[in-house]
Structures are given as structure tokens and as C-alpha cells.
Amino acid sequence: MSETMTHDTHHDEHPSGIKRWLFTTNHKDIGTLYLWFSFIMFMLGGAMALVIRAELFQPGMQIVDPNFFNMMTTLHGLIMVFGAIMPAFVGLANWQVPLMIGAPDMALPRMNNWSFWILPFAATMLVAPMFMGDNFMSGQGPAFGWTFYAPLSGQYDKLAFFVFAVHLLGFSSIMGSINIIATILNMRAPGMTLMKMPMFVWTWLITAFLLIAVMPVLAGAVTMLLTDKYFGTSFFDAAGGGDPVLFQHVFWFFGHPEVYIMILPAFGIISEIIPTFARKKLFGYASMVYAVASIAFLSFIVWAHHMFTVGMPVAGELYFMYATVMIAVPTAVKVFNWATTMWRGSMTFETPMLWAVGTVFLFTIGGFTGLMLGVAPADFQYHDTYFVVAHFHYVLVSGALFGIIAGVMYWLPKWTGNMYNEGLGKLHFWLTMIGMNLTFFPMHFTGLAGMPRRYSDYPLQFAEFNQISTIGAFIFGFSQLIMLYLIIKCIKGGEKATDEVWEGSHGLEWTLPSPAPYHSFDTAPEIK
Amino acid sequence: MSQQQDLRAANKRVVRKILLIVVGMFAFGYVALPQLYNLICDSFGLNGQAEQVSKAAAGEVKVDKSRTVTVAFSSIVNSRLPWGFEPQVKEIQLHPGELKKVNYIARNLSGSDVVGQAIYSVTPVEAARYFKKTECFCYTQQTLKSGESKDMPVLFMLEPDLPENIKTVTLSYTFFRADKYAKSN
Ligand code: HEM
Ligand SMILES: [Cu+2]
């Protein structure tokens, strides 16, 4: 992070060293903290994924105990969702929202510091029980799947750790969202009406509202588990008149909007990048805004498509089926608009554009498998198989994660003042692309053939596809070190970036010098 | 400066409104959703829940002698409950509208007194709303002394407008340990 002051020399005193990071209220510093935290969690969650894939390289038990395997699948999911993807988006919002709407900082800088510094504690609480066994293999981490269904999760000895970790994560997300909403609603530069906001800002505004609405429901779900175990309530315990199926309803009422929380900001990033490198305006801006809003609305009324097999009445299955496939309509609007934006554009394929186009392609595959899963009678075959695993990795890895990487590559020159190494960027993209598809595409086949998810062993017939997946996963995992190297190299130096950075760039952030000064937009820019 | 103050006031307003939503959604999740869930399950006869009716009301129903339906009985004991628990007969035949009584037998296999609670379900779920009980051991908690065994009766009938295509109905009980929730009665 550069500390050069270009146009503003007052209040430029800020502590240096560790104190700068502990006490900072600067949106750029906090954005940086979020992004590095997210990267560390990405590495941790990734290491867990490689343990899973290594165990599944061959049928039979080779490397870990079954309980340890279950801990890996559980923590991998939780860490990727709450530690990697969500904080990365909040980091991007911290950096970019003020720059893109012409605000000097976030609306509530001190709360901003809090919402970040809660996260390392939450992550520690989540992972700590793993180290509380007699030896490493008998650790007591959560091992009930990232969806922590009752009644299994209620039997977990260290439940309180888990529950309070989730509470802290919720506090962090809610505070982050309040900040983003207040910033967007109150601090836009004069003349920037809502319908002139950049798409990234729009998608984050809507995402923040989703978070506000559903993180408290998640807090409710874990609180029910907690009071069931320690305070004599019986929400989920049949013996006391409760019902475990209720847990699934509460969880997925949070869970489905949550998956859109993880994709909408990526949609926003893609909508910034594609016009830049197609050198055209985004096609159908207004319809993009309405599409995101309708996806957000629909996400509240489709949750039970995760529960088609619990024994719902036929009317329920039909309703949730139709509601679910309806989401494909606004989603398709977005995909068509991106394609139309590219149509007859003068396109170039610098690294951010490669990631953006890759995201559109692969996300669409995930959307299609989503449609297949949304068909209630078909889901009875697919449910809890690797087909579902393939589906959600196509939307989350090549949707959310690729979107994040696209955004980081796109804005990195603005943050550091230096261009990254284009060759390394392309190498990273292609290796990741190959690794990702090798890992997850075969899962469609193993899933359709009936291989259930979340088991540490499998019958011989699935061996070949699983070996391909494992090889792909290691290529994927280790290619991410290229990104680490690329980013560090770019921070240290490189070809100087211009203010516009990209030939076709548009928007307020590109009117600032590169690197963006520590304090920017102290006097608000005017939007025509 | 007054612009600064305006901004601060506006931010405070946003924070206050959102905190209201947060509290409201927590209450919705923790308090309202469970209530709503039970309400919906009860009023639509979901969850395989059969309704209790009075014996007098059941006696007035006309018996449909033209067809017979098989009712099968099953029993499950949760692993934490040290009881044996079985239906006396595996299945019976009856006419819709006919009131029948069957016994389950439970026995406490442990060395101490234990409170149990039985939870029932009816499959196929479409049959649940035609399944009426006048008496059932599942309506209250059951306490068995160490080594004690007890007959547990169920009195039930199937309503005559049970759909024609349903030929077999299964009544299933799972007995759970309920010491934690023991009511003093
Ligand atoms: C066209 C849009 C989509 C449709 C119709 C759809 C449909 C579905 C259905 C029906 C399931 C349940 C499958 C089962 O468990 O049997 C499912 C699972 C899942 N979906 Fe999607 N989906 C869509 C988009 C997305 C997106 C955009 C994301 C995230 C970015 C996502 C993330 C997930 C996840 C994480 C699961 C698995 C949850 C679990 O059981 O662990 N989906 N999807
Ligand atoms: Cu869903």
C-alpha cells in the first residue's frame, strides 16, 4: 500500500507497523486486511480439500480416519464459505465502493475496524476443537457437514465453540453490511443517482440487504441447537415434541439466500470487467439491476429445493420446483446481457477479462445443473450425490471465486500502482481452469452413477473418475501459489500503471491516481 | 460542518433501521418459524400426524364393509432408550370406519426408572389425515420402573373417505428417552 499523498496533506498522520493495522479505520487498509485474511483462509480450506481428495484418490482408507475425513469436509465447506468467499467480497467492497461512488471513506469507519477484527477470533473458535483430541487424528472439530443438520450436530461435544463462532461470523457480516448500506445510501457523490451507480455497487447493496435479512436467521438456528443441548428446549428433539425437519427449514431459509450472497457481488464484478475489455457500454444496465433484485427476492421463496427428499407433500414439491426453475429467468437475462455486451465489441483478453469470460462460461454450466436439480422428481436421484457437489462447485468456484480473482486482477494496478505480470496472470488462469474442470467435471458422472457425497470411501467402480478429480485438485491447489507470487511481485514493483489502467476503463475509480492515495475524494467529484 | 452533521445523523438513522430488521429477523427465526412450522404441519395434516377424535364421534361413523385395508404396525426404539418395544401383532385387516384396538408391549430393560415418549407417523402421508385415534399411549409420557413391562393400547380407525388406491397403511412409533423433558403428572 502506498502512502503517497497527492492532493491532500492535512491529517496525514497515521501509525505505522502493527498498530496501523490493528487500529486502522481507513477503508483501503481494512479492505487489504479482509483480502489477506480471505487468502489465508482460502489456503487453509484448500489444504483441507486436498486432504479429502488425497483420501479419495483410491477406494479404501489410506491416509486419514473416517472422523477426520468428516472434519475435513465440514471445515472445508465452512471455511470456504465464511472465511474465504464472504470476507473477500467484503474486502473488495471496502476498497471499491467508496472509490466507485466518490466517497472519502466508509460511512462508519470504526465499526468497519470491528467487523474485520472479529473474524480471526471467529475462525480460531471454529477450528480450535480440531486440536483438542488425544492426537491429531482424534481431534474434536465439527464433523457433521457444513449444513450442520440436527440431530447429528446436537450430539457434538464442542457445540458451544461452533455456535459462538457462527454468532461472531454473523456479527461481522451484519456490521459489514450496515456499513456498506450506509455508505451507498448516504455518501454517493452529488449527481450519482441510484440508477447511475456502477453494477458492482448495486449488487453489493442488494447483497448487504440479503445478509441483514438472513444472518439473524442463521444465528437463530445455531441458538436453537445451543438451547436444545444446554437449556432444555426441544426445537429439534422429537422426544420433547420437536422436529429435526424444522432444522432443515430454518437452515435453508438462511442457506439459499446465502448462496446468492456468494454470487451476486461476482455478477457485479463481471459486469464491470466485460464492458471495459469489450470497449462497449454494459448492455441492458437497467435490466441487470432488476434481474439482481428479482434473483434476491426469489431466493427467499425456494429454500425447500434442498429438501425435496424429506417427505414433503406433492403440492410442496411442485411449488418449490416451479419457484426454483423460475430463478433461471433473471439469471439468463444476466448471461444474455453479458454475451450481448461482448457481441461486436473490440475485445482484448487481458487476465481480468479471461477470468470474467471463464466465469460466465462455467457459471452457466452450474446454472444448468441447478435446473436439473430443481426438477423435484429428478432430484430424488441426484440428491446427496457428487452431482450436487459438481453443481455447487461450478457456481461457487467458477462463479464466486473466479469472480473474486477477476476483480482482484482488474483492480490490483489501481491498488498497488504497478501492473501485474501478464504472463504469470495467464499461466495462473489456464492452470486453474484446467485444474478446476478436471476436478469437478467428473463428479457429474460419479454423481449420476450414484456415488454419495461425504463418505471417506467408495466402491471400486468409481475409482477412475476419482483419480482424475484428485489429480485436477492438486493442479488447481498448487496453481494458486502462482497468484500469491503474482500479487506479491505486483506490490513490490513492476511497470507503472496509468491512472486509467485499462484502455476501455470507465468509472470514478479510474480518475484517481494509481496507486489510489490513502485519502481520496475529500472533495466529492461531480457526476454529470 | 453542518453537512458533516447531516451525514452523521443520516448514518445513525440507517443503523437504527437496520438493527430493527436484524432483531426482527432473529425473532422470526428463533420464535416465529418454529410456531409457523407446527401450525402449517398441523393444519394440513403433514408430517404423518394423525388427529385425535372422541370415542363418541368415532362411533357415529358408518362402516364401509365393501373394502378392507391392511394396517401394519412398526416400532423403533431410539438407541438411548434401554427399552424393548414391539407391537403385539404385525398387521391387521379392517374396514374403513371400523374402530380397532391393538396393543404394543414395552419393557424397561435397565436397572432404573426411565421416562419415554413415543412419536408416531403414518405412511403414506396422504393417509395421515384419514387416520383417527381415540386413544394412544403416545399422547403422554410413559414411565416404566426398572424391569417393568406394560401393555400400551392404541384405539384407531380409518375414515371411510380414505382414497380407494390406498390398500396398506403403516402406523409407526419411535420411542425416545424423555427424562430430560419429564413432566410431573
Ligand atoms: C439457476 C440457478 C440455480 C438452481 C436452479 C439451483 C438449484 C439447486 C438445487 C435444487 C439444489 C439442491 C440439490 C440437492 O441437494 O439435491 C442446489 C444445491 C446447491 N446449490 Fe444451487 N442452484 C442454482 C444456483 C446456485 C448458485 C448461484 C449457487 C451459489 C453461488 C448455488 C449453490 C448451491 C449449493 C452450495 C448447493 C448445495 C448445498 C448443500 O447441500 O451442501 N446454486 N442448487
Ligand atoms: Cu438453493
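Residues numbered from 1 in each chain as written. Chains lettered and ligands numbered in written order. Predicted model: local features only at pLDDT ≥ 70, side-chain atom pairs only at ≥ 80, totals over all residues. Heavy atoms only, no water.

S.K.: Mind showing me how you'd approach the pairing of strand E3 (residues 83–87) of chain B here?
M.R.: Along any regular strand, the residues point their side chains to alternate faces of the sheet. Residues and elements named next belong to chain B. Going residue by residue along E3, you find Trp-83, Phe-85 and Pro-87 tucked away on one face and Gly-84 and Glu-86 left uncovered on the opposite face. As defined by bridge partners, E3 adjoins strand E5 (residues 100–108) across 5 bridges and the pair is classed as antiparallel. Residue Pro-87 lies in a different strand from E5, and its bridge partner there is Tyr-104. (Buried < 20%, exposed > 50% of the residue type's maximum accessible area, 1.4 Å probe, protein only. Helix = DSSP H or I, 4+ residues; strand = E, 2+ residues; numbered from the N terminus. Pairing = 2+ DSSP bridges.)

S.K.: What's the story with the site of ligand 1 in this structure? I'm lost.
M.R.: All names here are of chain A. In the vicinity of ligand 1 there are 22 residues, among which Trp-146, Asp-379, His-383, His-391 and Arg-453 approach most closely. Take Asp-379: an N or O atom from its side chain is 2.5 Å from an oxygen atom of ligand 1. One of the side-chain N or O atoms of His-383 is found 2.7 Å from an oxygen atom in ligand 1. Elements with a contribution of two residues or more to the shell around ligand 1: helix H7 (244–261), helix H12 (351–374) and helix H14 (386–416). Considering every element that reaches the shell around ligand 1, the biggest residue donor is H12, with 6 residues. Looking at the shell around ligand 1, its residues break down into 12 nonpolar, 8 polar and 2 charged. (Near = heavy atom within 4 Å. Polar contact = N/O pair within 3.5 Å; in protein donor to acceptor, adjacent residues only side chain to side chain. Nonpolar A, V, L, I, M, F, W, Y, C, P; charged D, E, K, R; others polar.)

S.K.: Is there a simple way to explain the packing of helix H8 (residues 264–278) of chain A against helix H11 (residues 328–342) of chain A in this structure?
M.R.: The description of two packed helices rests on the angle between their axes and on the distance between the axes. Residue and element names in this part refer to chain A. Their axes nearest at 9 Å, the elements H8 and H11 cross at an angle of 15°. Viewed along their axes, H8 and H11 adopt a mutual orientation that is roughly parallel. Crossing handedness for the pair H8 and H11: left-handed. Residue-level inspection shows Phe-267, Ile-270, Ser-271, Ile-274, Pro-275 and Ala-278 of H8 in contact with H11, the latter providing Lys-334, Trp-338, Thr-341 and Met-342. Class assignment of the residues belonging to the contact of H8 with H11 gives a composition of 7 nonpolar, 2 polar and 1 charged. (Axes fitted to C-alpha atoms, helices over the stretch in contact; angles between N-to-C directions. Parallel < 35°, antiparallel > 145°, perpendicular 65-115°, else oblique. Left-handed = near helix turned anticlockwise from the far one by under 90°. Contact = heavy atoms within 4.5 Å.)

S.K.: Explain empty space enclosed by the protein here, please?
M.R.: A probe as big as a water molecule, rolled over the atoms, marks out the empty space that is left. Residues and elements named next belong to chain A. Scanning the entire structure with this criterion turns up 6 cavities of 30 Å³ or more. Counted as a void, the largest cavity has a volume near 340 Å³. Lining the largest cavity are 21 residues, and of these Leu-35, Trp-36, Phe-39, Val-408 and Ile-487 lie nearest its centre. Broken down by secondary-structure element, the contributors of at least two residues to the lining of the largest cavity are helix H2 (27–55), helix H3 (66–101), H14 and helix H16 (463–492). The element best represented in the lining of the largest cavity is H14, accounting for 7 residues. (1 Å grid on protein atoms, 1.4 Å probe; cavity = no way out; pocket = protein on both sides within 12 Å on 5 of 7 lines; lining within 4 Å. Points joined across faces, edges and corners; volume = space filled by probe spheres on them.)

S.K.: Honestly, the nonpolar core in this entry has me stumped. Any pointers?
M.R.: Among soluble globular proteins, nonpolar side chains are generally buried collectively. In terms of nonpolar packing, the biggest core is built from 194 residues, with Leu92(A), Phe162(A) and Leu264(A) touching the most fellow members. At 23 residues, the largest contribution of residues to this core is made by H3(A). With near-sequence residues (within four places) excluded, Leu92(A) lies in contact with Leu35(A), Val97(A), Phe200(A), Ile269(A), Ile404(A), Val408(A), Trp411(A) and Trp415(A). Val102(B), Tyr104(B), Val122(B) and Val169(B) belong to the second largest nonpolar core, which has 33 residues in total. (Core = buried A, V, L, I, M, F, W, Y, C linked by side-chain atoms within 4.5 Å.)

S.K.: What am I meant to see in the domain arrangement of chain B here?
M.R.: How big an interface is tends to be expressed through the accessible area that disappears when the partners come together. Partitioning chain B into domains gives domain 1 (1–44) and domain 2 (52–177). Of note, the centres of domain 1 of chain B and domain 2 of chain B, computed from C-alpha atoms alone, are 44 Å apart. (Domains from an automatic or database assignment.)

S.K.: Just to check I follow, could you spell out the coordination of the copper ion (ligand 2) for this structure?
M.R.: For a metal bound by four donors in a tetrahedral arrangement, the ideal donor-metal-donor angle is 109.5 degrees, while six donors in an octahedral arrangement ideally sit at 90 or 180 degrees. Residues and elements named next belong to chain A. Around the copper ion (ligand 2), the protein contributes the donor atoms His-256 (ND1), His-305 (NE2) and His-306 (NE2), which lie 1.9 to 2.1 Å from the metal centre. Mapping the donors of the copper ion (ligand 2) onto the primary sequence yields the spacing H-x48-H-H. A gap of 4.6 Å separates the copper ion (ligand 2) and the iron atom of ligand 1. Within this pair, whereas His-256 is found in helix H7, its partner His-305 is found in the loop between helix H9 (285–298) and helix H10 (314–326), the two being separated by 49 residues in sequence. (Donors = N, O, S within 2.8 Å, 3.2 Å for Na, K, Ca; no water.)

S.K.: What exactly am I supposed to notice about a positive patch on the surface here?
M.R.: Among the surface-exposed residues, Arg110(A), Arg8(B), Lys12(B), Arg13(B), Arg16(B) and Lys17(B) lie close enough to one another that they form a single positively charged patch. Per element, the largest residue contribution to the positive patch is 5 residues, and it comes from helix H1 (residues 2–44) of chain B. In this structure, Lys12(B) sits in helix H1. (Patch = residues over 30% accessible without salt bridge, like charges linked within 9 Å, V, L, I, M, F, W, Y side chains within 5 Å. Areas by Shrake-Rupley, 256 points an atom, 1.4 Å probe, with all protein chains shown as cover. Salt bridge = Lys/Arg side-chain N within 4 Å of Asp/Glu carboxyl O. Lys, Arg positive; Asp, Glu negative; His and termini not counted. Charge placed at Lys NZ, Arg CZ, Asp CG, Glu CD.)

S.K.: How do you make sense of helix H15 (residues 422–448) of chain A when you look at a structure like this?
M.R.: Residues three or four positions apart in an α-helix share a direction because the helix packs 3.6 residues into each turn. All names here are of chain A. For H15, built from 27 residues, the straight-helix expectation of 39 Å at 1.5 Å per residue is met to within 8% by its first-to-last C-alpha distance of 39 Å. For H15, the N-terminal cap is Asn-421; the gap from its side-chain oxygen to the backbone nitrogen of Gly-423 is 2.8 Å. Just beyond H15, the residue with positive phi is Gly-450, at close to 105°. (Expected span 1.5 Å × (residues − 1).)

S.K.: How should I be thinking about the side chain of Asn103(B) in this particular structure?
M.R.: Residues and elements named next belong to chain B. Position of Asn-103 among the secondary structure elements: in strand E5. Of the residues examined, Asn-103 reaches a relative accessible area of 19% and is grouped as buried. Every residue in contact with Asn-103, bar those within four places of it in the chain, is listed here: Pro-87, Gln-88, Asp-151, Met-152 and Pro-153.

S.K.: Got a minute to help me understand the packing of H8(A) against H14(A) in this structure?
M.R.: Residues and elements named next belong to chain A. Where H8 meets H14, the closest approach of the two axes is 9 Å, and the angle between their N-to-C directions is 45°. Compared by their axis directions, H8 and H14 come out oblique. In terms of crossing hand, the pair formed by H8 and H14 is left-handed. Counted together, Ala-266, Ile-269, Ile-270, Glu-272, Ile-273, Thr-276 and Phe-277 of H8 and Gly-399, Ala-400, Gly-403, Ile-404, Ala-406, Gly-407, Tyr-410 and Trp-411 of H14 form the full contact between these two elements. Across the contact of H8 with H14, the residue classes tally to 10 nonpolar, 4 polar and 1 charged.

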